[in-house]
Amino acid sequence: MNQADILVYNGTILTMDDQNKIIPDGLLAISGNTIHHIGRGEKGSVSAEKEFDAEGGLILPGLINCHTHAAMTLFRGLADDLPLMDWLNNYIFPVEGKMDDDFVRVGTLLACAEMIMSGTTTFCDMYLFEEEVARAAKEAGMRCLVGEVLYDFPSPNYGRVENGFIYTEALIERWNGDSLINIAVEPHSTFTCGVELLVKANDLALRKGVPLIIHLAETRQELEEIDKRFGKRPAQHLKDLGLLGPHLIADHCVHVSKSEIELIADHKVSVVHDPESNMKLASGIAPVPEMIARGIRVGLGTDGCASNNNLDLFGEMDMAAKLHKAQKLDPTVMDAQTIIRMATIDGARVLGFEELTGSLEVGKRADLIVIDINKPHLIPMYNPYSHIVYAASGHDVIHSIIDGRIVMEDRRLLTLDVEDIIGRSKEKSKKVREWVGVFD
Ligand SMILES: [Zn+2]
């Protein structure tokens, strides 16, 4: 091995492999879209067309945002400090009703720029006009799992839900075999989707062999609503409809009982933890330590920008680590290494991408980031895991490579025109102001 396309050297490599191997003075070589070599070594041993000197920084797998509504970047800060149902029914759903495909396209490009610049290389999206999300991600060069949100009321994209299924199936066909873009079937939640919709969505996901994604047990109101309609708790409701299985990704799972945790574990359902959104909307605290202890795969997500209000997974990692310590009055729960695994390899497992990404190993796709640690707030460094979770932020990510393609170099985006995206986003925000009729 002495020739490669891209070489990253002079950094500490956090592989996040099964042994959590750390390689000091690491050297990582990429050929095409694949990691070709990882080890200790001087750069002289390999030559490459493009070389990155990590300058003693950290080289780690690109972060994986397992739950977002990317285009909601355009609603950032629009309506804060409100109860979830008020926020959804009086602000978010009404403005979403006026959106079109170009709105989602611009919002998603803005999200992709923000995500790459804060170290995310893979994201999972649920929203409207998802064809535009897929295209924007492709343009940005990001890996993703995306799907059109399905619910029982008319969608500004597809109208009646029957058309939503046709739209979803077309997405699956169109993007089949793409190196970066993957499609899921995405019913919104137990309280916005009736039995018929949920069963049909599950059938489609199973028939096409793609993941099924749903918001589950996010709030107490959802518990009350499902109890009123069916006399059951939400996870039990999904089990009785046949939805629980390894193909299901359940976002939030804040209000799950002990027996529901057993159900989720027994059916090998994956869970996504979104601590900042759950805190901001006062939804509650998901029993994540209990779920991890029971062997459930748990990834980390930011949720949409209207309930966070950013897509920086570094902040999410910090919050996830501290929230559970405070709740349990135990500083040993949710240690930094566990948290980084949630944001990398465990996130990849949640999305079904563990063969491709989530750890730095020979043969996997080259999805990685470099963190510049030569900054006052990152000096000295005794423990790289601690630094990433408790001291670093997304702004410290200096280079990013996705699928063997350099997407950010020295904090300059190479796939997207940030100035143009910012200009178009500001234009869209004028529309949002008109729609809600405030701030003027
Ligand atoms: Zn969400």
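Computed from a predicted structure; not experimentally measured. Starting afresh in each chain, residues are numbered from 1 along the sequence in its written order. For a predicted model such as this one, the threshold for reporting local features is a pLDDT of at least 70, and the threshold for listing and counting side-chain atom pairs is 80 or more; totals across whole chains, interfaces and linings nevertheless cover every residue. Here the side-chain values reflect all heavy atoms present in the structure, with hydrogen atoms and water set aside.

## Digging into the coordination of the zinc ion
Here a donor is an N, O or S atom found within 2.8 Å of the metal, or within 3.2 Å if the metal is Na, K or Ca; sites may look incomplete because water is not among the atoms. Within the first shell, the zinc ion binds the protein through His67 (NE2), His69 (NE2), His215 (NE2) and Asp303 (OD), at distances of 2.1 to 2.3 Å. If you look at the zinc ion, its four donor atoms make angles of 84 to 173 degrees with each other, and the shape they trace is irregular. Here the donor residues for the zinc ion map to a single chain with the spacing H-x1-H-x145-H-x87-D. A residue pair is termed long-range when its members are at least 10 positions apart, and histidine 69 in the loop between β6 (63–68) and α1 (84–96) and histidine 215 in strand β11 (residues 212–216) qualify at 146 residues. As far as the burial class goes, histidine 69 and histidine 215 line up, both buried. Geometry assignment treats four donors as tetrahedral when all angles are between 85 and 135 degrees, treats four as square planar and six as octahedral when opposite donors are over 155 degrees apart and all others between 65 and 115, and treats everything else as irregular. Only runs of H or I of at least four residues qualify as helices and only runs of E of at least two qualify as strands under DSSP, and these elements are numbered from the N terminus. Classification of residues uses two cut-offs on accessible area relative to the type maximum, computed with a 1.4 Å probe and protein chains only: under 20% is buried, over 50% is exposed, and between them is partly exposed.

## Re unusual backbone geometry
Here the amide bond leading from asparagine 308 into asparagine 309 is cis, since omega sits at 5 degrees, within 30 degrees of zero. Among the structural elements, asparagine 309 can be located in the loop between β14 (298–300) and α11 (313–328). Residue proline 380 is reached from isoleucine 379 by a cis peptide bond, and omega for that bond is -10 degrees. Inspection of the secondary structure assignment puts proline 380 in the loop between β15 (368–371) and α14 (384–391). A positive phi angle, near 55 degrees, is found at phenylalanine 129, a position not held by glycine. Structurally, phenylalanine 129 is set in the loop between β7 (120–127) and α3 (130–140). The backbone phi angle of aspartate 403 is positive, close to 55 degrees, even though this residue is not glycine. Structurally, aspartate 403 is set in the loop between β16 (397–402) and β17 (405–409). Judged by its relative accessible area of 13%, aspartate 403 is buried.

## A few points about the sheet that holds β11
In this scheme, strands are said to pair when DSSP sees at least two bridges between them. Reading across the sheet, the four strands line up as β11-β12-β13-β14 and stay open at both edges, with parallel pairing between neighbours. This sheet does not close on itself; its edge strands, each paired only once, are β11 and β14. This sheet shows a mean twist of 25 degrees between the axes of neighbouring strands, independent of strand direction. Taken together, the three bridges between strand β13 (residues 270–273) and β14 define a ladder with parallel strand orientation. Counterpart to histidine 273 in the pairing with β14 is leucine 300. All axes are obtained by fitting lines to C-alpha atoms, using only the stretch in contact for helices, and the reported angles, taken between N-to-C directions, cover 0 to 180 degrees.

## Side note on the pairing of β17
For a regular strand, side chains alternate in direction, first toward one face of the sheet and then toward the other. Within β17, four of the five residues are buried, leaving the element largely enclosed by the surrounding structure. Pairing geometry for β16 and β17, over three bridges, is antiparallel. The residue of β17 that forms the bridge with serine 400 is methionine 408. Taking the residues that link successive antiparallel strands as the turn, the β16-β17 hairpin has two residues, and the phi of aspartate 403 there is positive, at about 55 degrees. Pairing between β17 and strand β18 (residues 412–413): two bridges, direction antiparallel. Its bridge partner being in β18, glutamate 409 is matched across the sheet by arginine 412. Adjacent in sequence and paired antiparallel, β17 and β18 are bridged by two residues, among which aspartate 410 carries a positive phi angle near 50 degrees.

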